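# Working through the structure, step by step
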Amino acid sequence: MKTSDHAVAAGHSRWQEAFEGLIGRIAGRFARVEPRRRVRQLVLGLLSDLPRKNCWTIAEWVGEATPHGMQHLLGRAKWDADAVRDDVRDYVVEHLHDDQAVLVVDETGDVKKGSGTVGVQRQYTGTAGRIENAQVAVYLVYAGQRGHAAVDRELYVPRSWTSDPDRCLAAGLGKETAFATKPELAARMVARFLDAGHRAAWVAGDEVYGGNSTLRTALEERGTGYILAVARSHEATTSAGKFRADALARKIPKRAWQKLSAGAGAKGHRFYDWAVIDLADPAPGSRQLLIRRNHSTGELAYYRCYSPTPVPLATLVRVAGSRWRVEEFFQSGKGLAGLDEHQVRRYPSRSRWVTLAMLAHAFLAVVRADEHARHRAPDSLISLTCNEIQRLFIALVVQPVHGAAHRLDWSTWRRRHGCRGIDPHSASTRLMVSAPRVDRSWSSPEGPALTILSMPEG
């Protein structure tokens, strides 16, 4: 066995201990033994290689006879998802601690059908790249040298919901739920992080957050540095007066641009040309407009910067370049931990699913950081990734094996459950029963699973 193979093999017992330690960390949030046992199984299911993760598929994968227990855990069991969220935050900071960590804030959308799912309305989502019927949430990601993981989440509840108290109540929100913008949700999460006694040197975000002066002021009052993207039309005040960001960029002499790396990407360092302009403000602290130029296309990007004390351009560039970490979290959180596969309608169930998905992803991020610290990969191999750790953990540590009888029982259960929704007396049902084609099925913790049957063509 090669040295690298020995290192990975030796890591299996550490990974199992790390997982059990993480589950033990949140065990006190569950008063009864049944939800404590089931939350462990659900998190394992979120870490599995299932092509689609929901209460049905995970329950079958872990060996339960029906999805009812998983649905109960998300929908009706007594436990506080916000308390578990706080446990995830503390776990991430403890294991990925970095004095120069960046809190990256961004939102992501999940395309949804219908209008009953909490927070859903037609709105723009970057996931689809267009206006869709979607549910949008804002996340806070802790990014340090050792790795990154989400530490908080807030669902964006549009005015179409907050203006209808009965609709909010039916979806598990309080009748007094007030509308909050995405920057307000971001400020809420950053304040929660800092109030818990944790520290982050910087906050980074895109134009949605950089263009909000209230968020910038709140961060300055906390003494937290930020580098937030702004639009080219954003106005900034210099010693020579107030100008649009793109107008200031045109005034920069050629010699003021510096070629610096915004950090390593999948294909090596990401080099751009950078320039910085000091801004005038009587309040304490250092404020600049940072400008990034793609030296191939000439495309410009603009950032409002604040720090309690002056910092070099290289530091500003490093922080600005860290914003990609939240995009990587969205990709791996959805691809590896089922972050976006919550097939639930009500707010409490959604919060629980998302929080446990954050926990599952945090476990992978921490294991990855620990393995990188313990073993340097040989030149012929890339370092262990979260994807590879997930595959090895499930295949070599968990190894769920269930016989043919279990699979057949689940096949019978699904068919029987689908039959319950059929009214044998309706003409349309008689036609469907004659030759149905199953398109897709899903389940909800709040209610029975739905199986959609399509009429045979012709």
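Computed from a predicted structure; not experimentally measured.

The rules behind each value
Residues numbered from 1 in each chain as written. Predicted model: local features only at pLDDT ≥ 70, side-chain atom pairs only at ≥ 80, totals over all residues. Heavy atoms only, no water. Helix = DSSP H or I, 4+ residues; strand = E, 2+ residues; numbered from the N terminus. Buried < 20%, exposed > 50% of the residue type's maximum accessible area, 1.4 Å probe, protein only. Contact = heavy atoms within 4.5 Å. Areas by Shrake-Rupley, 256 points an atom, 1.4 Å probe, with all protein chains shown as cover. Pairing = 2+ DSSP bridges. Axes fitted to C-alpha atoms, helices over the stretch in contact; angles between N-to-C directions. Parallel < 35°, antiparallel > 145°, perpendicular 65-115°, else oblique. Nonpolar A, V, L, I, M, F, W, Y, C, P; charged D, E, K, R; others polar. Salt bridge = Lys/Arg side-chain N within 4 Å of Asp/Glu carboxyl O.

## Focus: the overall build of the protein
- Helix and strand counts for the protein come out as 17 helices and 14 strands.
- Scored against the burial criterion, the 458 residues of the protein give a buried share of 48%.
- Within the protein, contacts between residues separated by at least 24 positions form 62% of all contacts whose residues are at least 6 apart in sequence.
- Of the roughly 22200 Å² that the protein leaves accessible, carbon and sulfur atoms contribute 51%.

## Thoughts on the pairing of strand β1 (residues 102–111)
- Most of β1 sits inside the fold, with nine of its ten residues counted as buried.
- As paired elements, β1 and strand β3 (residues 130–144) share ten bridges and run antiparallel to each other. What sits directly across from T108, in β3, is A137.
- Across three bridges, β1 lies against strand β5 (residues 202–205) in parallel orientation. When the sheet's bridge partners are listed, V102 is paired in β5 with W202.

## Considering the packing of helix α2 (residues 33–47) against helix α4 (residues 68–75)
- Direction vectors running N to C along α2 and α4 enclose 100°, while the axes themselves pass 10 Å from each other. One finds that α2 runs roughly perpendicular with respect to α4. In contact with P35, R38, V39, Q41 and L42 of α2, α4 contributes G69, M70, L73 and L74.
- Classifying every residue of the contact of α2 with α4 by side-chain character gives six nonpolar, two polar and one charged.

## Thoughts on the pattern of salt bridges
- Tallying each qualifying case throughout the model produces 27 salt bridges.
- With its nearest N and O atoms 3.4 Å apart, the salt bridge here joins R32 to E34.
- With relative accessibility at 54%, the residue R32 sits in the exposed group.
- On the basis of relative accessibility, which here comes to 35%, the residue E34 falls in the partly exposed class.

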